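Spelled out, the chains give:
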Amino acid sequence: GISCTVSPTTISSGGSATVNISVSPTTPSGTYQVTVTATDTQTGNKQSTTITVNVPQESITVSSSQSSLTIYPGQSNTTTITASDNYGYSLSLSCSNLPSGWNCNFNPSTINSGSSSTLTISVPSGQSPGTYTINVNAKDTITSNVNSTSVYINVPEVVSILLNAYVEYLSL
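Rules used throughout
- Residues numbered from 1 in each chain as written.
- Predicted model: local features only at pLDDT ≥ 70, side-chain atom pairs only at ≥ 80, totals over all residues.
- Heavy atoms only, no water.
- Helix = DSSP H or I, 4+ residues; strand = E, 2+ residues; numbered from the N terminus.
- Buried < 20%, exposed > 50% of the residue type's maximum accessible area, 1.4 Å probe, protein only.
- Contact = heavy atoms within 4.5 Å.
- Polar contact = N/O pair within 3.5 Å; in protein donor to acceptor, adjacent residues only side chain to side chain.
- Core = buried A, V, L, I, M, F, W, Y, C linked by side-chain atoms within 4.5 Å.
- Pairing = 2+ DSSP bridges.
- Disulfide = S-S within 2.5 Å.

Trainee: Would you mind showing me how to read the environment of Thr 143 here?
Mentor: Relative to the helices and strands, Thr 143 is located in the loop between strand 12 (130-140) and strand 13 (146-155). Given the relative accessible area of 23%, Thr 143 is considered partly exposed. As a C-alpha pair, Thr 143 and Tyr 89 span 54 residues in sequence and 9.1 Å in three-dimensional space. Look past the residues within four positions of Thr 143 in its chain and what remains in contact with it is Pro 25, Glu 58 and Tyr 89. Separated by 3.3 Å, the side chains of Thr 143 and Glu 58 make a polar contact.

Spelled out as structure tokens, the structure:
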């Protein structure tokens, strides 16, 4: 919800007070009206004013410095993930849609809004060649809202060539 405090709560004629309005992280986006009323302690007359509070919809953005990576089986590769939240909340980073045996590691795993993290993706030995889509998620640490971006992983075919060398000795 929305709450307000007034300080000081009693003022002399012609004086002023500060109104602090707080919005809870769980308050739905929208426009809200807060009415502040002053009462004359001598006459009981009241004077009110209305303050409009606009709560924007939360917007989380997440991006990768490289939208696709090539990773050979048994190896890893990195990309930089940047995420921001218009509310300024810290963001927890994670991967989803990882094939079995794959590993994803963020350094750091929680970032301040507008900051970056290094993502390391490891592909196990024996991974079938192909293109895989990994989802990189940024979740705010207050309300758990989340947004994602995709990173495409190209796992090339590993070709082993066995060379048989024949050495022929010639006798002179």
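Trainee: Teacher, can you tell me more about the nonpolar core here?
Mentor: Nonpolar side chains in soluble globular proteins tend to be buried together. If you look at the biggest cluster of nonpolar residues, it comprises 23 residues, and the most contacted ones within it are Trp 102, Phe 106, Leu 119 and Ile 153. Elements supplying a minimum of two residues to this core: strand 5 (60-64), strand 7 (76-85), strand 8 (91-96), strand 9 (103-107), strand 11 (115-122), strand 12 and strand 13. Here the element with the most residues in this core is strand 12; it accounts for 4 residues. With near-sequence residues (within four places) excluded, Ile 153 lies in contact with Leu 69, Ile 71, Trp 102, Ile 121, Val 123, Gly 130, Thr 131, Tyr 132 and Ile 134.

Trainee: I keep staring at the pairing of strand 5 and nothing clicks. Help me out?
Mentor: Where a strand is regular, its side chains alternate between the two sheet faces. The alternating pattern of strand 5 places Ile 60, Val 62 and Ser 64 on a buried face, while none of Thr 61 and Ser 63, on the opposite face, is buried. The pairing of strand 5 with strand 7 spans 5 bridges and is antiparallel. Bridged to Ile 60 within strand 7 is Asp 85.

Trainee: Is there a simple way to think about unusual backbone geometry in this case?
Mentor: Among all residues except glycine, the phi angle is most often negative; among peptide bonds, the trans geometry is most common. The amide bond that connects Ser 7 to the next residue, Pro 8, takes the cis arrangement and shows omega of -10°. Checked against the element boundaries, Pro 8 lands in the loop between strand 1 (2-7) and strand 2 (18-23). Asn 107 connects to Pro 108 through a cis peptide bond whose omega is -5°. Positive phi outside glycine occurs at Asn 97, with the angle close to 65°. By the element assignment, Asn 97 lies in the loop between strand 8 and strand 9.

Trainee: Any chance you could explain the sheet that holds strand 10 (residues 110-111) here in plain terms?
Mentor: Backbone hydrogen bonds hold the strands of a sheet together, and the pairing may be parallel or antiparallel. The 5 strands lie next to each other as 6-13-12-8-10, forming an open sheet whose pairing is mixed. At either end of the open sheet lies a strand with only one pairing partner, and these are strand 6 (68-70) and strand 10. For strand 8 and strand 12, the ladder comprises 6 bridges, and the chain directions are antiparallel. Considered in strand 12, the bridge of Ser 94 is made with Asn 137.

Trainee: Explain the state of the cysteines here, please?
Mentor: Covalent bonding between the sulfur atoms of two cysteines defines a disulfide. For the structure on display, the rule yields 1 disulfide. Across a sulfur-sulfur distance of 2.2 Å, Cys 95 and Cys 104 are joined as a disulfide pair. Taking the sign of the S-S torsion, about 105° here, the bridge from Cys 95 to Cys 104 comes out right-handed.

Read these as layout, nothing more, since geometry by itself doesn't imply function.
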